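Residues per chain are reported as follows:
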Amino acid sequence: MHGGIEARYSTLPSKKIFRLNLDTMIWNEVRAENSPSLSHHACVPLAGKYMVLIGGWNGKSRTSSIVIFDTMKEEWIYPNVTGFPDDAGLSSHTASLLNDGSIIVIGREGTLRMQPGKEYTGNVYMLKGCMERREFRYEEYSRFTESRSGHTTSFIGPTLYIIGGRNDQLLEVHKGYRSGHPKNNLMESIVTIAKSLPPMSKMPGGRKHHIAIEGSSTILIHGGETFRGQNSQPIGEILLMTNTPNINFYKVGTSKVERAGHACCIAQDRILFHGGFSGKDLIHGDTRELRILW
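Residues numbered from 1 in each chain as written. Predicted model: local features only at pLDDT ≥ 70, side-chain atom pairs only at ≥ 80, totals over all residues. Heavy atoms only, no water.

### As for the sheet that holds strand E10 (residues 103–106)
(1) Moving on: One open sheet accounts for five strands, arranged E7-E13-E12-E10-E9; its pairing is mixed. Single-partner strands in this sheet number two, and they are strand E7 (80–82) and strand E9 (94–97). Each adjacent strand pair in this sheet contributes to an overall mean axis angle of 25°, direction not counted.
(2) Moving on: Both E9 and E10 contribute to a ladder of four bridges, which runs antiparallel. Within E10, the residue paired with serine 96 across the bridge is isoleucine 104. (Pairing = 2+ DSSP bridges. Helix = DSSP H or I, 4+ residues; strand = E, 2+ residues; numbered from the N terminus. Axes fitted to C-alpha atoms, helices over the stretch in contact; angles between N-to-C directions.)

### Comments concerning the sheet that holds strand E19 (residues 218–222)
(1) Moving on: Reading across from one edge, E18-E19-E21-E22 is the order of the four strands in this open sheet, with antiparallel pairing throughout. What marks the edges here is a single partner per strand, and that holds for strand E18 (211–214) and strand E22 (248–254). Averaged over all pairs of adjacent strands, the angle between their axes in this sheet comes to 20°, without regard to strand direction.
(2) Moving on: As judged from the five bridges shared by E19 and strand E21 (residues 237–242), these two strands associate in the antiparallel manner. From the neighbouring strand, isoleucine 219 faces E21, where its bridge partner is methionine 241.
(3) Moving on: Sheet contacts for helix H1 (residues 185–195): E18, E19, E21 and E22; angle to E19, the most-contacted strand, approximately 80°. (Contact = heavy atoms within 4.5 Å.)

### Quick look at unusual backbone geometry
(1) Moving on: In this chain, threonine 244 is followed by proline 245 through a cis amide linkage whose omega measures -5°.
(2) Moving on: Inspection of the secondary structure puts proline 245 in the loop between E21 and E22.
(3) Moving on: Although it is not a glycine, glutamine 169 adopts a positive phi angle of roughly 50°.
(4) Moving on: As for its placement among the helices and strands, glutamine 169 is situated in the loop between strand E15 (159–163) and strand E16 (171–175).

### Some points on the nonpolar core
(1) Moving on: By size, the foremost hydrophobic cluster in this structure holds 21 residues, and its most contacted members are Ile54, Ile66, Ile68, Ile103, Val105, Leu127 and Tyr138.
(2) Moving on: Contributions of two or more residues to this core are made by strand E3 (42–46), strand E4 (50–57), strand E5 (62–70), strand E8 (88–90), E9, E10, strand E12 (124–130) and strand E13 (135–142).
(3) Moving on: Formed by 13 residues, the second largest nonpolar core is a distinct cluster that contains Met187, Ile193, Ile238 and Tyr250. (Core = buried A, V, L, I, M, F, W, Y, C linked by side-chain atoms within 4.5 Å. Buried < 20%, exposed > 50% of the residue type's maximum accessible area, 1.4 Å probe, protein only.)

### Thoughts on H1
Along an α-helix, residues three or four positions apart point the same way, because every turn accommodates 3.6 residues.
(1) Moving on: Residues of H1 that are buried include every one of Leu186, Met187, Ile190, Val191, Ile193 and Ala194, and no others. Projected down its long axis, H1 shows its buried positions confined to an angular sector of 160°, all on one face. Along H1, the residues that are exposed and aim more than 90 degrees away from the buried face are Asn185 and Lys195.
(2) Moving on: Buried residues in H1 make contact with E18, E19, E21, E22, strand E23 (263–267) and strand E24 (270–274).
(3) Moving on: A distance of 2.8 Å separates the backbone nitrogen of leucine 186 from a side-chain oxygen at the start of H1, and that oxygen is part of asparagine 184. (Arc of directions from axis to C-beta. Polar contact = N/O pair within 3.5 Å; in protein donor to acceptor, adjacent residues only side chain to side chain.)

Quick look at the structure:
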């Protein structure tokens, strides 16, 4: 776990990196020189040992930088990066490994320095790299997606699903993309829950900074902020989305843990999430396991 902010609305990102022991569930800080200070960045695991950090806020500006942590050697690598516009950066975007080895980067693109009235575009970039040469290059791929930030990107089969990140149009669907990560069987057991519930009669409302975990035929969604005005607070809603035979959403329940901006993963058949913020702008540093009983 790397970076983030330690106070709501802070512009000073952390450079700390921690490792969780899944047997003891104890976090330990990893002491490694040259760690970057970043928040609102994306992370892609690569080759079973690298953490590829993409974009984010560095305390002064949005950046398109690539910084890599070698978890075996416990050292930071700063590769040569080309192809991204000089006057733009990324934050609250998503980055996903595809089955051809490239990384698709979707979401918020803004000027390096905040300017009143400056519009953000919804560009999509393909990021390709070579670890041996320590080189990465962005290629503008498409403008097919609407402008979003705080969304999630998930895959079911050859289809990419962009969820949230704006008030309207909760879901975008794009064919012809496959994930480069293997699916976990845990998610398939969760599909049985959806089969026992009636689908929601209408699409859920817009949200941002939620989490989404993908399986072979379903996506689990938890938390996030809704677009209900300035006083909107994180929610604990748990949803499932399936795509066969049609796209349907199911409300599994509402967790007492209301969070937004948290991180999540599946590890050893356990759904874990960490951190995030809740009402009254409280930042959390806890790690929780989401257990779904049926």
